[in-house]
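Overview (structure and organization)
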Amino acid sequence: ANCVVVAAKRGGETQLAACVALATTRIDVNGFVRRHLDARKVSFAPMDVAVAETSMEYGGITPFGLPADWPVLVDAAVVAVPHVVVGSGIRGSKLVVPGASLAEVLGAQVLEGLAG
């Protein structure tokens, strides 16, 4: 599963969030995520911002251990599979975890239709 950091903007405010979806799917950032976060515009967070805010390496960002105030949007297909491979915080390793464990991540919201 891929974990990407997005920046949702509305009224001069920016909210960071993480989106998790199976690697074989695409996250609907400009449609589903924008509406769900009630944002005017959503884009992938710049690499330097994602690294600084997560304290993780770019390309290895994991949904585990993200800032407590971040929404973690998890596609329902992720929690439905027995196991997923996700980042570990560094590029040199990965974690194999039960898909259902991503529903237990702090701030997790399991959503149908996040990715397709």
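Residues numbered from 1 in each chain as written. Predicted model: local features only at pLDDT ≥ 70, side-chain atom pairs only at ≥ 80, totals over all residues. Heavy atoms only, no water.

Turning our eyes to something else, we now look at the overall build of the protein. Summing up its helical and strand segments, the protein has 3 helices and 7 strands in all. Taken from N to C terminus, the helices and strands of the protein fall in the order β-β-α-β-α-β-α-β-β-β. For a compact globule of 116 residues, the expected C-alpha radius of gyration is about 13 Å, and the protein comes in at 13 Å, within 12% of that figure. With the C-alpha coordinates aligned to their principal axes, the bounding extent of the protein is approximately 40 × 30 × 25 Å. Here the protein, with 116 residues, has 41% of them falling under the buried criterion. Excluding contacts between residues fewer than 6 apart, the proportion of contacts in the protein whose partners are at least 24 apart in sequence is 60%. Carbon and sulfur atoms provide 53% of the accessible area of the protein, an area that totals close to 6,100 Å². A distance of 10 Å separates the average location of the 9 positive side-chain charges in the protein from that of its 10 negative side-chain charges. (Helix = DSSP H or I, 4+ residues; strand = E, 2+ residues; numbered from the N terminus. Rg over C-alpha atoms; globule rule 2.2 N^0.38 Å. Buried < 20%, exposed > 50% of the residue type's maximum accessible area, 1.4 Å probe, protein only. Contact = heavy atoms within 4.5 Å. Areas by Shrake-Rupley, 256 points an atom, 1.4 Å probe, with all protein chains shown as cover. Lys, Arg positive; Asp, Glu negative; His and termini not counted. Charge placed at Lys NZ, Arg CZ, Asp CG, Glu CD.)

Turning our attention to unusual backbone geometry. In most cases, non-glycine residues show a negative phi, while peptide bonds are predominantly trans. A positive phi angle is found at D38, which is not glycine, with a value near 50°. Unusually for a residue other than glycine, S55 sits at a positive phi of about 60°. Relative to the helices and strands, S55 is located in the loop between α2 (47-54) and β4 (72-75).

To continue, consider the pairing of strand β1 (residues 2-10). A regular strand places its side chains so that they alternate between the two faces of the sheet. As paired elements, β1 and strand β2 (residues 13-21) share 9 bridges and run antiparallel to each other. Residue pairing in the sheet places C3 in a bridge with V20 of β2. If you look at the hairpin formed by β1 and β2, you'll find 2 residues sitting between the two strands, and G11 has a positive phi there, around 60°. Where β1 meets strand β3 (residues 41-44), 4 bridges bridge the pair, whose relative direction is antiparallel. What sits directly across from A8, in β3, is V42. (Pairing = 2+ DSSP bridges.)

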